[in-house]
Amino acid sequence: MMLQDPSRKYRSFPVLPLTDRVWPTRVIETAPIWLSTDLRDGNQALREPLGIALKREFFARLCAIGFREIEVGFPSASRTEFDFVRGLIDESLVSADVTIGALTPARPELITRTILALKGARRAIVHIYNAISPVFRDVVFKKDKAAVVAMAVDAVRHARLLTRNFPETEWVLQYSPEDFSAAEIAFSKGICDAVVAAWEPDPGERVIINLPATVEMSTPNVFADQVEWMHRHLAQRDAIILSVHPHNDRGTAIAAAELALMAGAQRVEGCVLGNGERTGNVDLLVLAMNLYTQGVAPGLDFSDIDDLAATVARLTGLPVSPRHPYVGELVYTAFAGSHQDAIKKGLAAQAPRTLWRVPYLPLDPADVGRDYEAVIRVNSQSGKGGLAYILETHYGIVLPRPMLMELSAAVQTLADETGREITPEQIWQVFSNHYLDDRGLARYVGHDWSGEPQTNPMHLTLIVAGITTRYEGHGNGPLDAAAHALPIPVRVCHYEERSCASGSSAEALAVVAVEPWAGGPVVFAAGIHTNIVTAGLLALVRAWSRLQAKTAGTAGPATGEGASWAMG
Ligand code: KIV
Ligand code: ZN
């Protein structure tokens, strides 16, 4: 099957002839007023809308994040919705700095019920809406423009009269011309002007005019033009807070909201994690974090992002994508080798409390409660940089480059063979099989070293080819002396030690590389022990065994199997 010819089924959305738009030159420098509609628009879109207890939990969480305007429901729609709103007010669950709102269609009896749900609140938003676009007028309501305007105006007058009976509440009118982005712009202005006039705002009072992209219709610049046009042409603009309510049908709700703010909007409605009808409302978490990563304080606190995401997912029953901006499991993770390399360098160079400059990470994961461990994960796409990062962050090990290259090849083979992610534990296993392996020709048993290199020899006890023998050697230090004591002396060409986090915190890791005195391959191994001399000797004996296997031309000492060196 093929998609139909779209020109026969769809038409492109007419672009508003706004030639002197200023929004492209604007930069967002302050956070907007946020309204969370998780408990209304988001809740309406759930397979199983929330009951009172879960709504209360969600409400408390939204308050804790910092929302100061929360649309708490649609009280005329159901008993649960009505009781929830009343419960918040009657049980004093709304703190003094939070304003609750409720949605109502532009019908007098439903407005009455909504006001009865909200009365007694310190401050309450009565949110009246009716759809205004041609498709609603022609197909759904079969009403002309005048009738649609009259519906809105009558509704607002009714609300104004009724709310005057409850002066203990500060009442705020919000009006939404539903399907605004699909409507004729002059008609949108006309109905909004009529509504504001009908409310007759007192001096200093503000009406919220909320412009929804009920269904996202076009590219976000078109919505921005519509918002800027309204911003510039609305009557009584000073008595209005201009709000937007973008949905995400084209996947550009975030862009639409941001451009709308540049175009003059002062307030944004949406849901945390973007719940809502169809593709959802604009995601307020992403919008807020976008501001944060531009150096603008969003006024919302997402520092415990994982707990929040788990809570919202539990409440809504909607899983969070591992790729969800800022909060997905994988969004601070790099698998690709080149990314890992740049991130590793960036993190190493990043000084605390300075401008964040880490490639591929637009946000410091620590700001949202993530650690750096998962920033780099290893699969077949990864490189030695990622491997080095995991060894260092998980085990405190920094390997010399040749050793890292060798290990990287082994991990790569494992990743190719399994086709899966390689966990830090598996990487440790590969490291251990290569460098901590005692199944080679010789095994360290013990040593005796007085610390007087000139007079006292190193006594090294080894099991070589199954026979326990005490060897003796002199040298400048224990390692040098032991290298001379070995059945075939070798030259130690690399030694380093550091503390190691693989086991007890008191353990030391020693890395040793040896080569034959006559020249030949350089072979690495490692030792871990609470005693640093013992760690070095373990590494030396393992490196020696690996060397013997290598120079004997066997398959290699990584596992010790097949080592065929014979004494003598
Ligand atoms: O999407 C929409 O148009 C709405 C309005 C009721 C504000 O949710
Ligand atoms: Zn909506």
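Model, not experiment: these values are computed from the prediction.

Trainee: Please clarify how the overall build of the protein chain should be interpreted in this entry.
Mentor: Secondary structure assignment for the protein chain yields 17 helices and 14 strands. When its C-alpha atoms are laid out on the principal axes, the protein chain stretches across 110 × 55 × 40 Å. Burial statistics for the protein chain: of 568 residues in total, 52% are counted as buried. Approximately 25,400 Å² of the protein chain is accessible, and the part contributed by carbon and sulfur atoms is 53%. Here the protein chain contributes 51 positive and 63 negative side-chain charges, whose respective centroids are spaced 5 Å apart.

Trainee: Any chance you could explain the side chain of Thr-99 here in plain terms?
Mentor: Relative to the assigned elements, Thr-99 resides in strand β3 (residues 99–105). A polar side-chain atom of Thr-99 sits 2.9 Å from a polar atom in the side chain of Arg-123. In contact with Thr-99, other than residues within four places in its own chain, are Arg-68, Glu-69, Ile-70, Arg-122, Arg-123, Ala-124 and Ile-125.

Trainee: What's the story with the packing of aromatic side chains in this structure? I'm lost.
Mentor: The geometry of two aromatic rings is summed up by the distance between their centres and the angle between their planes. Enumeration over the complete set of coordinates arrives at five aromatic pairs. Pairing Trp-428 with Phe-431 gives two aromatic rings, centres 5.0 Å apart and planes at 35°, and the pair type is tilted. Of the two residues, Trp-428 and Phe-431 are both situated in helix α15 (residues 424–435); the distance of three residues between them amounts to about one turn of the helix. Assessed through its relative accessible area of 0%, Phe-431 is described here as buried. Between Phe-431 and Tyr-435, the aromatic rings sit 5.5 Å apart at their centres with planes inclined by 55°, giving tilted as the arrangement. Here the residue Phe-431 and the residue Tyr-435 both occupy positions in helix α15, the gap between them amounting to four residues, near one helical turn. Taken individually, Phe-431 and Tyr-435 each receive the classification buried, so the pair is uniform in this respect. Across from the ring centre of Phe-82, 3.8 Å away, lies the NZ or CZ of Arg-113, which sits over that ring. Its end group placed over the ring of Phe-187, Arg-137 keeps NZ or CZ at 4.9 Å from the ring centre.

Trainee: Teacher, can you tell me more about the environment of Glu-515 here?
Mentor: Relative to the elements of secondary structure, Glu-515 occurs in strand β13 (residues 508–516). With 136 residues separating them along the chain, Glu-515 and Asn-379 place their C-alpha atoms 32 Å apart. Residues within four places of Glu-515 in sequence aside, it is in contact with Val-490, Arg-491, Cys-493, Gly-520, Pro-521, Val-522 and Leu-547.

Trainee: Honestly, the coordination of the zinc ion (ligand 2) in this entry has me stumped. Any pointers?
Mentor: Each pair of donors in an ideal four-coordinate tetrahedral metal site encloses 109.5 degrees, whereas pairs in an ideal six-coordinate octahedral site enclose 90 or 180 degrees. At the metal site, the zinc ion (ligand 2) is ligated by Asp-41 (OD), His-245 (NE2) and His-247 (NE2), and these contacts range over 2.0 to 2.1 Å. Counting residues between consecutive donors of the zinc ion (ligand 2) along the chain gives the motif D-x203-H-x1-H. His-247 carries the same exposure label as His-245, and that label is buried.

Trainee: In this structure, what is going on with the sheet that holds strand β9 (residues 442–448)? I would like to understand it.
Mentor: Strands pair in a sheet through their backbones, by hydrogen bonds, and they do so in one of two ways: parallel or antiparallel. An order of β9-β10-β11 is seen for the three strands of this open sheet, with the pairing classed as antiparallel. Only two strands of the sheet have a single neighbouring strand rather than two, namely β9 and β11 (467–473). Strand-to-strand twist across the sheet, computed as the mean angle between neighbouring axes with direction ignored, equals 25°. Pairing geometry for strand β10 (residues 458–464) and β11, over seven bridges, is antiparallel. Paired with Leu-462 across the bridge in β11 is Thr-469. Contacting β9 and β10, helix α17 (residues 532–551) crosses the sheet at an angle of about 150° to β9.

Trainee: Would you explain the environment of Arg-86 in this entry?
Mentor: Position of Arg-86 among the secondary structure elements: in helix α3 (residues 79–90). Separated by 426 residues in the primary sequence, Arg-86 and Val-512 have C-alpha atoms spaced 73 Å apart. One polar contact links the side chain of Arg-86 to the main-chain carbonyl oxygen of Ala-117, over a distance of 2.8 Å. For Arg-86, the side chain forms a polar contact with the main-chain oxygen of Lys-119, separated by 3.0 Å.

Trainee: It is not clear to me how the sheet that holds β13 should be interpreted in this structure. Could you clarify?
Mentor: Ordered by their spatial adjacency, three strands build an open sheet running β12-β13-β14, and the pairing between neighbours is antiparallel. Where the open sheet ends on each side, the last strands, each with one partner, are β12 (490–499) and β14 (523–529). Each strand axis lies, on average, 20° off the axis of its neighbour in the sheet, ignoring direction. Direction of pairing for β13 relative to β14: antiparallel, over a ladder of seven bridges. Across the sheet, Ala-508 pairs through a bridge with His-529, a residue of β14. Sheet strands in contact with α17 are β12, β13 and β14, and its direction is about 150° off that of β14.

Trainee: What exactly am I supposed to notice about the site of ligand 1 here?
Mentor: Taken together, Arg-40, Asp-41, Leu-103, His-127, Tyr-129, Ser-176, Glu-178, Asn-210, Pro-212, Thr-214, His-245 and His-247 are the residues near ligand 1. In the environment of ligand 1, an oxygen atom lies 2.6 Å from a nitrogen or oxygen atom belonging to the side chain of Thr-214. Residue His-247 places a side-chain N or O atom 3.0 Å away from an oxygen atom belonging to ligand 1. Class assignment for the residues of the shell around ligand 1 results in three nonpolar, six polar and three charged.

Trainee: Looking at this structure, how should I read the nonpolar core?
Mentor: Generally speaking, soluble globular proteins have nonpolar side chains that are buried together. Ranked by internal contacts, the top residues of the largest apolar core, which has 137 residues, are Phe-59, Val-272, Leu-285, Phe-302 and Phe-431. Val-272 has contacts with Asp-38, Leu-62, Ile-65, Phe-67, Asp-283, Leu-284, Leu-285, Phe-302, Leu-308 and Val-312, leaving out every residue within four places of it along the chain. Of all hydrophobic cores here, the second largest spans 27 residues; its members include Leu-486, Val-512, Val-523 and Trp-544.

What counts, and at which threshold
Residues numbered from 1 in each chain as written. Chains lettered and ligands numbered in written order. Predicted model: local features only at pLDDT ≥ 70, side-chain atom pairs only at ≥ 80, totals over all residues. Heavy atoms only, no water. Helix = DSSP H or I, 4+ residues; strand = E, 2+ residues; numbered from the N terminus. Buried < 20%, exposed > 50% of the residue type's maximum accessible area, 1.4 Å probe, protein only. Areas by Shrake-Rupley, 256 points an atom, 1.4 Å probe, with all protein chains shown as cover. Lys, Arg positive; Asp, Glu negative; His and termini not counted. Charge placed at Lys NZ, Arg CZ, Asp CG, Glu CD. Polar contact = N/O pair within 3.5 Å; in protein donor to acceptor, adjacent residues only side chain to side chain. Contact = heavy atoms within 4.5 Å. Phe/Tyr/Trp six-rings, centres within 6.5 Å; stacked < 30°, edge-to-face > 60°. Lys NZ or Arg CZ within 6 Å of the ring centre and 35° of its normal. Donors = N, O, S within 2.8 Å, 3.2 Å for Na, K, Ca; no water. Pairing = 2+ DSSP bridges. Axes fitted to C-alpha atoms, helices over the stretch in contact; angles between N-to-C directions. Near = heavy atom within 4 Å. Nonpolar A, V, L, I, M, F, W, Y, C, P; charged D, E, K, R; others polar. Core = buried A, V, L, I, M, F, W, Y, C linked by side-chain atoms within 4.5 Å.

The quantities given are spatial measurements derived from coordinates; they are silent on function.
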